[in-house]
Amino acid sequence: RPAVGIDAQWVTDLTATSAILHAELDPIGVAASWWIEWGTTASYGQSTPESPLPASFGDIAVATPFFNLTPGTTYHYRFVARDERDGNVYVVPGADKTFTTQLSALGFELADGRAWEMVSPPQKFGGLIRPPQQVQGGHYQAAANGNGLLFNTAGSIEAQPEGSRLIEASSALARRDGSGEWHSKDITVPHGTVTPISVGIGPEYKLFSTNLERGVLEPLEPTPLSPEATERTPYLRESTEPATYTPLVTGKEGFANVPPGTEFGGNPKSQFGDVHIAGATPDLSHVVLFSNVPLAPGAVAQSLYQWEAGQLRQVSVLPAGEGGATVGAQFGFRAGSTRKAISDDGSRVFWSTPVNSGAAEALYVRDMEREETVRLDVRQPGFFGSGAANPFFQGANSQGTVAFFTDSQQLTEDANEVGRDLYRCEVKIEGGELVCDLTDITADTVGAKESAEVQGLASGMGDDATRVYFVAKGVLDSQPNAMGDSAVSGQPNLYLWSEFGGVRFIATLSEADKHDWGGGYEHSAAASPGGRYLAFMSERSLTGYDNRDAKTGEADQEVFRYDALADELICASCNPSGASPLGAHGSLANIDPAYDPQRLWNGKPLAAVLPEATSLGVLDPSLYRTRAIHDNGRLFFNAADSLVPSDSNGNWDVYQYEPSGTGDCSSSSGGGSISISAGGCVSLISSGAAEEESAFLDASEGGNDVFFYTPAQLSVTDEDQEVDIYDARVDGIPAKLTPNAECLGEACQAPARVPDDPTPASASFKGQGNVAPATSCPRGKRKVTRKGKSRCVARKHKRHSAKAKRAAHRNRGAGR
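These numbers were taken from a predicted model, which means no experiment stands behind them.

Digging into the state of the cysteines
Taken as a whole and assessed by the stated rule, the structure comprises three disulfides. The disulfide that involves Cys571 links it to Cys574, with 1.9 Å between the sulfurs. Sign of the S-S torsion, about 85° for the bond between Cys571 and Cys574, identifies this disulfide as right-handed.

Structure follows, in structure tokens:
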């Protein structure tokens, strides 16, 4: 064999006219030489002079800078090595690799005709916009039609709010009016008594209806919000003017829905009540409640109820064949999975008995109209094994007619002998009774004679439950994927089960990708509502892109999108130029950054991350998943790497990937803020110029409205230098774009050229950029130079910087 190993090839410091090509070469103890073949086709046509490689063992890093390249051009390259032994000459070429130079025009223009609209108010009266956080939790939700957003603030954004609790989080509701203007209102409820500072239980609002007309909340103290209330209780808020509050549990004569004398308000000196919101239908017409005290005759503590039109009905009632008693229960399964655990019309509710209930752990569905319950995890005729009863609810369809769960108990004749299998239950009426028609969709169909070993929570599921994505360590499909890879026994293999074609292998993941199948809000993967697309993350190179970080050499997490209809896997966040990623590590500080509110990625190398599910508090389930992946193929994510030329801040920004034919993405798309990538377009949603991180919050259905958090001033009305929320809206109001002379990153100048110097990093478009220094500043502004870059900023007149003020707010909260 040749005595030189070409172990890696990659590109860094890519501009419109230059690049640096790197490789790791192992001489394996023989003196050799190396060169690079390159050109605009796979035939190359050009080569660099040969360079010596000393006789040694282990990889030697080599690099060559290239200059005077053509902008917007794809180049092929490969490293080649030569050695001679015993009179024979051996030549070994590396694999063919490509990179694409940047376009020469760096004009900044948002894709799809979007414009930035400032959502949060210009005047905040000392309040600070705050991202979701791990400890305090917080619910953010966009209206499906894009005309509203619920968000949280530290302190109130109003001069005289009714419900501010000072350092605690406040909730605000922003609305776009008929003229396109945004208006925000602090909707934190009034408080009349002193209660302890809430830690780990999150803000009072837990969920809103599809277009934010209604919200459900749990007050932190017992002050009544309605004359119908008698004790502390969850409420339904109607977004009328003024807002109205309906108590979900009350003993008020004429409105009572509990037996006389029932006490349910909890300790008035505590911030915890005895009744809690567990889930709800999308329109909030039906709300599932968990109560620590009985709320109905014959009920027990820690059971479930459904609220509808002022009435309560018991949910956690055993089937008649199991005695028909009310038992302690959990909505869905523990804090891990509540996906469609209540049907969209409220007619069916899935629940489980916890281990500490005194009963065997089991999974049930309650038909509220028939007042009938059926157990799902029932051993079918012909079953052969035993195994412990341990059902884990995975999700259901919108109608509550189909549900999925995993169980280590063998329930069917074809179930695997050990490990967890994934079961499909069709809930239907047969012979006048509610029944569960059970199928093991991970049964051994390939003759591997091993267990399925389905992992954690299903990675994604469409609303109709005809497609389910899951991870399993067994080989469930013998066919390779489009890259020629096959499922590996004992490794986390990602699969699609489809009602139309059974189980299909997608890719083998890494154990470091565990949040793709994690539980509750520790879940990074998500499916589009129709189930066609799955967005997930991986540190593995699943599509051939070399994702080793240009600085550290570690494998960076990237964002992927799978199309079930086309059986196509693309890397949405892989650098379109082909250059190695320049990522970041997850947060190591005490303060959670906006891009990783749940601190899932502490210390992990990241090129990009998917938006995380909202957390209502420590160990609480997530009742809402932000709209990051859409049925039209659009995908929104946060990236540390610079994926387009105008992203010059070296910090986290918000990106969109959309397939060709969606929006204005086509093969001719391009510019400073848009790049052609993986059969589609990747484009900036945020500015790419903010000094601190920007982060995705939520989007409307279809993604025409994208809400994000940023310290950048992107509107003429944004003058306070504080963090704000913007909507990158298709056909938005262009007048809201900042018309001043400041550049967005490098958008105002041609790309820099590398001097004829082998020093590599001087021409990289990564980092802070090369904005030309201003010769003068307009009145009211001053010139600031940082890291060699000058710009005009507003004079602060003895005010603290925005970053310092945010730190001060956090420190004051931490010290109490």
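Structural notes on the pairing of strand β29 (residues 402-407)
Most of β29 sits inside the fold, with six of its six residues counted as buried. Taking every second residue as pointing to the same face, both faces of β29 are buried, with Val402, Phe404 and Thr406 on one and Ala403, Phe405 and Asp407 on the other. Alignment of strand β28 (residues 392-396) against β29, held across four bridges, turns out to be antiparallel. Across the sheet, residue Phe392 finds its bridge partner in β29, namely Thr406.

Regarding the side chain of Thr508
Among the structural elements, Thr508 can be located in strand β35 (residues 502-508). Judged by its relative accessible area of 9%, Thr508 falls in the buried class. There is a polar contact of 2.8 Å between the side chain of Thr508 and the side chain of Asn493. Once residues lying within four places of it in the same chain are set aside, the contact partners of Thr508 are Ser486, Ala487, Val488, Gln491, Pro492, Asn493, Arg540 and Leu542.

A look at the environment of His276
Tracing the sequence through the fold places His276 in strand β20 (residues 275-280). The sequence separation of His276 and Phe290 amounts to 14 residues, and the corresponding C-alpha distance is 5.2 Å. If we ignore the near neighbours within four places in the chain, the residues touching His276 are Glu218, Pro234, Val288, Leu289, Phe290 and Asn292. A distance of 3.0 Å separates a polar atom in the side chain of His276 from a polar atom in the side chain of Glu218.

Quick look at the sheet that holds strand β31 (residues 433-440)
Strand order across the open sheet formed by four strands is β28-β29-β30-β31, with antiparallel pairing between neighbours. The sheet is open, and its two borders are formed by β28 and β31, each paired with just one other strand. Within the sheet, the average angular offset between the axes of one strand and its neighbour, ignoring direction, is 30°.

Overview of the nonpolar core
Phe331, Phe350, Trp351, Leu376, Phe393 and Phe405 are the most contacted members of the largest nonpolar core, which has 35 residues in total. When residues of this core are traced back to their parent elements, those giving at least two are β25 (348-353), β26 (362-367), β28, β29, β30 (421-430) and β31. The biggest single contributor to this core is β26, with four residues. In this structure Leu376 touches Phe350, Leu363, Tyr364, Val365, Ala403, Phe405, Cys425, Cys436 and Leu438, once residues within four positions along its chain are discounted. Met537, Leu600, Trp601 and Leu635 belong to the second largest nonpolar core, which has 26 residues in total.

Overview of the side chain of Glu558
Along the chain, the position of Glu558 falls in strand β38 (residues 558-563). Judged by relative accessible area, Glu558 falls into the buried class, the value being 1%. Among the polar contacts listed, one links the side chain of Glu558 to the side chain of Ser573, at a separation of 2.6 Å. Here Glu558 is in contact with Phe536, Met537, Ser538, Tyr545, Asn547, Cys571, Ser573, Cys574, Pro581 and Ala607, once residues within four sequence places are set aside.

A short note on the sheet that holds strand β16 (residues 205-208)
Taking strand neighbours across the sheet as the criterion, the four strands line up as β16-β17-β18-β19 in an open arrangement whose pairing is antiparallel. Of all strands in the sheet, those bounded by a partner on one side alone are β16 and β19 (244-247). Strand-to-strand, the axes of this sheet are offset by a mean angle of 25°, without reference to chain direction. Pairing between β16 and strand β17 (residues 214-217): three bridges, direction antiparallel. By the bridge assignment for β17, Phe208 is matched with Gly215.

What counts as what
Residues numbered from 1 in each chain as written. Predicted model: local features only at pLDDT ≥ 70, side-chain atom pairs only at ≥ 80, totals over all residues. Heavy atoms only, no water. Disulfide = S-S within 2.5 Å. Buried < 20%, exposed > 50% of the residue type's maximum accessible area, 1.4 Å probe, protein only. Helix = DSSP H or I, 4+ residues; strand = E, 2+ residues; numbered from the N terminus. Pairing = 2+ DSSP bridges. Polar contact = N/O pair within 3.5 Å; in protein donor to acceptor, adjacent residues only side chain to side chain. Contact = heavy atoms within 4.5 Å. Axes fitted to C-alpha atoms, helices over the stretch in contact; angles between N-to-C directions. Core = buried A, V, L, I, M, F, W, Y, C linked by side-chain atoms within 4.5 Å.

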